[in-house]
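# Structural overview
Take a look at the letters that make up each chain.
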Amino acid sequence: MNIKKMSVLVLCLSAVILTACNTKSDNSSSTKDTENVKVESQTKQSENDLNELHIGAIKGFEESREGNTLVFDTLTKIDNTYKPLPNVIYKWESNDEHTEYDIYLKEGIKFHDGTSLDAETVKWDIENEGNTYYCSYVYLLDSIEKVDDTHLKIKLTAPYLYMLEDLSKISALPKDGMDNEGNRITEIGTGAFKFVFTDAGEVSKLEKNKEYWNQDYKTDIDTIYWHSIPDEQTRKLALESGQIDVIGLSEHYISMPYSVISDIKKDSKFEVIREDEDAYTSVASIDPNWKQGKMADKELRLALTAMFDRNEITKDVMFNIPVACGHLYNPKFNDGPKEETPFTYNEESAKKHLENAGYTVGNESTPTVDGSGNALKLKLVAGTEEYEKDLCEYLQSAMSKYGIEFEINNLDSAPLMEILKNGDYDLHISHPWFVPLIDSLGFMGDGDTYTDYGLGMGVNDEMKLASKEFIETSDENNIKSNAEKIWKIKYSEGVSKPLFADIRYIIHNKKYTGFHFDGNIFQIDLNGVTRTK
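Below or above, wherever it landed, is the structure these notes cover. Quick caveat: nothing in here was measured; it's all calculated off a predicted structure. (Residues numbered from 1 in each chain as written. Predicted model: local features only at pLDDT ≥ 70, side-chain atom pairs only at ≥ 80, totals over all residues. Heavy atoms only, no water.)

## Here's the deal with the overall build of the protein chain
What counts is decided by this rule: Going along the chain from the N terminus, every DSSP run of H or I of four or more residues is numbered as a helix, and every run of E of two or more is numbered as a strand. Each residue is assigned to one of three classes by its accessible area relative to the maximum for its type, calculated with a 1.4 Å probe on protein chains only: buried under 20%, partly exposed between the two thresholds, exposed over 50%. Any two residues having at least one pair of non-hydrogen atoms within 4.5 Å are treated as being in contact. Surface accessibility follows the Shrake-Rupley procedure with a 1.4 Å probe radius. Residue values consider only the protein chains on display as shielding.
Helix and strand counts for the protein chain stand at 15 helices and 23 strands. Looking at the protein chain as a whole, 51% of its 533 residues qualify as buried. Across the protein chain, contacts joining residues at least 24 apart in sequence account for 70% of those joining residues at least 6 apart. Put simply, the protein chain shows about 24400 Å² of open surface, and 46% of that area lies on carbon and sulfur atoms.

Below is the structure:
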């Protein structure tokens, strides 16, 4: 593809520029001084490098939700099946109806400035952070009572089984550590590392918290340097040159082009850690504007679910890195679509749904037209990442076989969000905003309004009622049946067209070992990471 050729050209030009910048001066005195500085610099780097970890990230540290988990502990943790685990909150109890929760805080936890973490502070965190992190409990929260310095009683207006799971997203912040718009305004946490500074070059320094309360947390890393490198190819070059040690650790999604991952996998200097296929939470999809325009027709939406060969996409476009997926969500999770049949590639089914929608199906030389003879044209919007551009080209080619004209719009973040918020599109490349169910049903899972990220999935009143019943169930046995109602509606209405599971990758040099994915996709867990040389 042209993108790959351009990448090679960029790399070649980078090499030329680097060579030119490192050309020696003819002045022997200057050369000697430069060499002395280089030796001194290398000596300092050798002395200080023993237990440093250099992370290559897309975002700067202060704005990275993932990075902040190094400095800020979450109240609970979760495993890869979304089961809650103790953390700052080490014990909990609930009544039979799941409308009241008693939570107990571990004693002796201190913020990095020496201030003690107490129940009053955690009460503030639960009351103020829930909206920022799309926690469904905020819709049901009645009151939080401080019983004593380590004990809180939470009361809800309706049953809710997932309070402890939601608290895995709430950070232990000092009171008033977040402004009214949900922006964190402090770098003082209780976590395994302390924030030191961010320099003018967008490099942030963290140091190990030697008084960390969790004595089971073990790592050889003493210092972290967080490098903000938004450009994908520059980040790859930084890894290959040794400027950084690891990529892919710092994002909750797959953050490198599939072509880059394919290339690096062949290089024996690096270790590649692949997320467990059974644990994926995010599915790349094509989401329709089901509320207005052509895609308001359910039959047209269902036609698109059968038009694309997912295996061909992953093999020919994505370098066999992601996994072809016909499910909206991982069916292996407790609240997954266990009873639904995955969407598959089926040309006859696609044509049948087009005909049911009132179209005369065409081909590459003849357009598909409606009853008035108007050609079927669809507007697709997407971002500008390499995989999005490649995927758009594939989808355009696949649609042309059915005589459907595709208008592609690859846009930077701000104009893309504006279009999505205004509803000025037919389709967009996204991922379903309801994974896990318990996270986002209250956000976009059952919403029917346009946002910066697209249209919610509340396609009808039946869906909204099913979502309400799911959130408020007081019987764990009803989780499955309520989830099945939701999935049945979403699959039958074609509100999303899944293509492939976004399996994440961590790529690192062999300086350290023990990197792994946490059950919480936003959590960076360095527990067990040890130095190899």
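## Considerations on unusual backbone geometry
Unusually for a residue other than glycine, His98 sits at a positive phi of about 60°. Position of His98 relative to the elements: it lies in the loop between strand 4 (89-94) and strand 5 (100-105). For Glu202, which is not a glycine, the phi torsion comes out positive at approximately 65°. Relative to the helices and strands, Glu202 is located in the loop between strand 8 (193-198) and strand 9 (203-208). Judged by relative accessible area, Glu202 falls into the partly exposed class, the value being 39%.

## Some details on a negative patch on the surface
Test applied: Patch members must show over 30% relative accessible area and no salt bridge, and they are joined within 9 Å when carrying like charges or within 5 Å when they are nonpolar side chains of Val, Leu, Ile, Met, Phe, Trp or Tyr. A side-chain nitrogen of Lys or Arg and a carboxyl oxygen of Asp or Glu constitute a salt bridge if their distance falls within 4 Å. By the counting rule applied here, Lys and Arg register as positive and Asp and Glu as negative, while His and the ends of each chain are not counted. Where a charge lies is defined by one atom per residue type: Lys uses NZ, Arg uses CZ, Asp uses CG and Glu uses CD.
Judged by side-chain charge, Glu62, Glu63, Asp199 and Glu202 come together as a negatively charged surface patch. Relative to the assigned elements, Asp199 resides in the loop between strand 8 and strand 9. Given the relative accessible area of 34%, Asp199 is considered partly exposed.

## Quick notes on the sheet that holds strand 8
Rules: Any two strands between which DSSP finds at least two bridges are classified as paired.
If you trace the 7 strands from one edge of the open sheet to the other, you get 8-9-10-1-11-21-12, paired in mixed fashion. A single partner strand is all that each edge strand has here, and the edge strands are strand 8 and strand 12 (270-274). Here strand 8 pairs with strand 9 via 5 bridges, running antiparallel. The residue bridging Phe193 from the neighbouring strand is Lys208, located in strand 9.

## Regarding helix 11 (residues 386-400)
To be explicit about the condition: Under the convention used throughout, the expected extent of a helix is 1.5 Å for every residue step, that is, one less than its residue count.
Given a rise of 1.5 Å per residue, 15 residues ought to cover 21 Å, and the 22 Å separating the end C-alpha atoms of helix 11 matches this to within 8%. Restricting attention to buried positions, one finds in helix 11 the residues Glu386, Tyr387, Glu388, Asp390, Leu391, Cys392, Tyr394, Leu395, Ala398 and Met399.

## Things to note about the packing of helix 14 (residues 461-472) against helix 15 (residues 478-493)
The condition that has to hold: The convention used is that axes are lines fitted to C-alpha atoms, helices contributing only their stretch in contact, and that angles between N-to-C directions extend from 0 to 180 degrees. Oblique is the label for any angle not covered by the other classes, which are roughly parallel (under 35 degrees), roughly antiparallel (over 145) and roughly perpendicular (65 to 115). Crossing handedness: left-handed means the near helix sits turned counterclockwise from the far one by under a right angle, and right-handed means the same turn made clockwise.
Close contact between helix 14 and helix 15 brings their axes to 9 Å; oriented N to C, the two are set at 160°. When the axis of helix 14 is compared with that of helix 15, the two are roughly antiparallel. Like other packed secondary-structure pairs, helix 14 and helix 15 cross with a definite hand, here left-handed. Of the residues in helix 15, those in contact with Glu462, Met463, Ala466, Ser467, Glu469 and Phe470 of helix 14 are Ile479, Asn482, Ala483, Lys485, Ile486, Ile489 and Lys490.

Any link to function would need more than the numbers given here.
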